[in-house]
Amino acid sequence: MENEILFRASQIGRLMTEPKLNVDKLAEKLSETAKSYIEEIWLQNKFGYKEEVMTDEMLKGLICEQDSMELVQKVLGGNFRVKNRENFKNDYLTGTPDIILPDTVEDLKTSFTIKTFFNSELNSIYYWQGQVYMELTGRKNFRLIYCLVSTPEEIVLDLEKRVYYKFSCDEENPHYKTWIEQIRKNHTFDAIPAEKRIKVIEFAYNPYDIEKMYRKIDKAREYYKTLTL
């Protein structure tokens, strides 16, 4: 197994997407999305190629990691909730969960705006990420926690700068002023009670889905070995 590729918890959901045809679903074949993901891994491993993407949403998630942690500690309690830095792996999977409790793994997601927080739910990417974290840590319960914290000033200023140039740098334009005010409203949430700014979704370890995932990984590795320029 030493030379076999490992699949990251945060990306395994892409591998688990279903193909369009029912006959292919029943055969548990790889979808086009899964193949594209495997090809990305191959290109990175063979040539060091990786498309770097950093959206405002992703940047906020990185910057506000500690803010979200403190919000969860405040609402759910417990200084025992500390950020995990250990990477876990087995012969197939690798991942670094946010929080590891005696019987539960928790993962925090920082919402970009109140609208994204309002619409937040369990999607397939986060479901499979949770299953992987439970498999790697031996826990049987997973808690997905969405957090709503104010957006960092540096991101807000960058959003304002984009609007500034759209209005030809005219700070006196009344429409510009209105837009800037709305940006501030859209990214400031401290007035909302803390208990209203977290959303918890729980689910359990599913051994049948784990076995299905391992079968998909075996097929992914077979496909990986066929790739060439």
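Here, every reference points to the structure presented above.
Residues numbered from 1 in each chain as written. Predicted model: local features only at pLDDT ≥ 70, side-chain atom pairs only at ≥ 80, totals over all residues. Heavy atoms only, no water.

Novice: So what about the pattern of salt bridges? Which residues, and what values?
Specialist: One pass over the full model with this rule turns up 19 salt bridges. Between E18 and K212 there is a salt bridge; the shortest N-O distance is 2.9 Å. One end of the pair, E18, is in the loop between α1 (12-15) and α2 (22-26); the other, K212, is in helix α10 (residues 207-226), and 194 residues separate them in sequence. Beyond isolated ion pairs, a larger network of salt bridges with shared partners links E65, K83, R85 and D98. (Salt bridge = Lys/Arg side-chain N within 4 Å of Asp/Glu carboxyl O. Helix = DSSP H or I, 4+ residues; strand = E, 2+ residues; numbered from the N terminus.)

Novice: Talk me through the packing of aromatic side chains; I want residue IDs and the actual numbers.
Specialist: One pass over the full model with this rule turns up twelve aromatic pairs. Seen from their ring centres, Y133 and F142 are 6.4 Å apart, and the 35° between their planes marks the pair as tilted. By the burial criterion, Y133 is buried, and F142 matches it. Taking 5.1 Å as the distance between ring centres and 45° as the angle between the ring planes, the aromatic pair formed by F142 and F203 counts as tilted. Taken as a pair, F142 in strand β6 (residues 141-147) and F203 in strand β7 (residues 198-204) lie far apart in primary sequence, 61 residues in all. Its guanidinium or amino end placed over the ring of Y205, K140 lies 4.1 Å from that ring's centre, counting from NZ or CZ. A cation over an aromatic ring shows up here: K199 above the ring of F117, its NZ or CZ 5.4 Å from the ring centre. (Phe/Tyr/Trp six-rings, centres within 6.5 Å; stacked < 30°, edge-to-face > 60°. Buried < 20%, exposed > 50% of the residue type's maximum accessible area, 1.4 Å probe, protein only. Lys NZ or Arg CZ within 6 Å of the ring centre and 35° of its normal.)

Novice: Outline the sheet that holds β7, listing residues and values.
Specialist: Taken together, four strands build an open sheet; the order of strands is β4-β5-β6-β7 and the sheet is mixed. In the strand order of this sheet, the two ends are held by β4 (99-100) and β7, each with one partner. Here β6 runs beside β7; their pairing, made up of seven bridges, is antiparallel. Across the sheet, I145 pairs through a bridge with V200, a residue of β7. The strands touched by helix α5 (residues 65-76) within the sheet are β4, β5 (104-110), β6 and β7, with β6 carrying the most contacts at an inclination of about 110°. (Pairing = 2+ DSSP bridges. Contact = heavy atoms within 4.5 Å. Axes fitted to C-alpha atoms, helices over the stretch in contact; angles between N-to-C directions.)

Novice: I'd like to hear about the nonpolar core, residue by residue, with values.
Specialist: For soluble globular proteins, the rule of thumb is that nonpolar side chains tend to be buried together. F7, I12, L15, L93, M213 and I217 are the most contacted members of the largest nonpolar core, which has 38 residues in total. For this core, the secondary structure elements donating two or more residues are α1, α3 (32-47), α7 (124-137), β6, β7 and α10. With twelve residues, the next largest nonpolar core counts C64, L71, I99 and L101 among its residues. (Core = buried A, V, L, I, M, F, W, Y, C linked by side-chain atoms within 4.5 Å.)

Novice: A description of the environment of Y214 should follow, citing residues and the corresponding values.
Specialist: By the element assignment, Y214 lies in helix α10. On the basis of relative accessibility, which here comes to 12%, the residue Y214 falls in the buried class. For Y214, the residues in contact, after removing those within four places along its chain, are N90, Y92, L93 and E135. At a separation of 3.1 Å, a polar atom in the side chain of Y214 contacts the side chain of N90. (Polar contact = N/O pair within 3.5 Å; in protein donor to acceptor, adjacent residues only side chain to side chain.)

Novice: Could you give an account of the sheet that holds strand β3 (residues 93-95), with specific residues and numbers?
Specialist: The strand order across the open sheet built from three strands is β1-β3-β2, with neighbouring strands paired in mixed fashion. A strand with exactly one partner marks an edge of an open sheet, and here the two such strands are β1 (7-8) and β2 (88-89). Both β2 and β3 contribute to a ladder of two bridges, which runs antiparallel. Bridge pairing in β3 places K89 opposite T94. Against the sheet, α7 touches β2 and β3, its axis set at about 100° to β3.

Shape is all these values report; function is a separate question.
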